[in-house]
Amino acid sequence: MAYAEILKVLIAWALFLTGYEDPGGYPEITYLSTEDLNKMVCPQAPNGCGIRALYTGGVIYLNENDDIKTDPFARSILIHEITHWLQDQYNDYPIFGYEACVKANQREVEAYGVQNAYLRQGERSSLTVQNNPPLCARFYKPKLKIR
């Protein structure tokens, strides 16, 4: 299956699993090295932070070592990031403070839920991923309900 077809299928899965309306079009996707992804997310960590993908500023950044054509887990990572893209199309989130952190956590819970559902249903895999709380959770952890 060609890359564009895989992307169409993953967007369809994300729409099905989230219930969002199809916004039309495609997210911008850029491939980066592991080193560059780690610099974007955790520049202070000397050994990186194990980041495999990131959605920010309307762009999905994927690890250049992940092959969505052959790797089911790489496809699940992409569907996670597509979920964030869809969230941005339909939701307005606060930028600062506790409320922003609560919304960021809700976004991650939804994206990890979609990723796990896709792994089970779309890939027929027993693999699962755990919700990683957003970075802001380190400041609000006592008040934030993290699943």
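Residues numbered from 1 in each chain as written. Predicted model: local features only at pLDDT ≥ 70, side-chain atom pairs only at ≥ 80, totals over all residues. Heavy atoms only, no water.

Caption draft 1: Structural detail: the overall build of the protein. A tally of regular secondary structure across the protein gives 5 helices and 3 strands. Tracing the protein from N to C terminus, the helices and strands come up as α-β-α-β-β-α-α-α. A compact globule built from 147 residues would reach a C-alpha radius of gyration of about 15 Å, and the protein, at 15 Å, matches this within 12%. For the protein, the spread of C-alpha atoms along the three principal axes comes to 45 × 35 × 30 Å. A burial count over the protein gives 40% of its 147 residues as buried. Look at the contacts in the protein between residues 6 or more apart in sequence, and 63% of them connect residues 24 or more apart. (Helix = DSSP H or I, 4+ residues; strand = E, 2+ residues; numbered from the N terminus. Rg over C-alpha atoms; globule rule 2.2 N^0.38 Å. Buried < 20%, exposed > 50% of the residue type's maximum accessible area, 1.4 Å probe, protein only. Contact = heavy atoms within 4.5 Å.)

Caption draft 2: Main features of the nonpolar core. Leu10, Leu78, Ile82 and Leu86 are the most contacted members of the largest nonpolar core, which has 21 residues in total. Only α1 (3–18), β2 (53–56), β3 (59–63), α3 (72–90) and α4 (97–121) provide two or more residues apiece to this core. Here the element with the most residues in this core is α3; it accounts for 7 residues. Those residues in contact with Leu86 that sit more than four places away from it in its chain are Ala14, Leu15, Thr18, Tyr20 and Pro23. (Core = buried A, V, L, I, M, F, W, Y, C linked by side-chain atoms within 4.5 Å.)

Caption draft 3: Geometry of the sheet that holds strand β1 (residues 28–32). Within the open sheet, the 3 strands sit side by side as β1-β3-β2. Their pairing is mixed. This sheet does not close on itself; its edge strands, each paired only once, are β1 and β2. Taken over all neighbouring pairs, the strand axes of this sheet differ in orientation by 20° on average, direction set aside. For β1 and β3, the ladder comprises 5 bridges, and the chain directions are parallel. Within β3, the position partnered with Tyr31 by the bridge is Leu62. (Pairing = 2+ DSSP bridges. Axes fitted to C-alpha atoms, helices over the stretch in contact; angles between N-to-C directions.)

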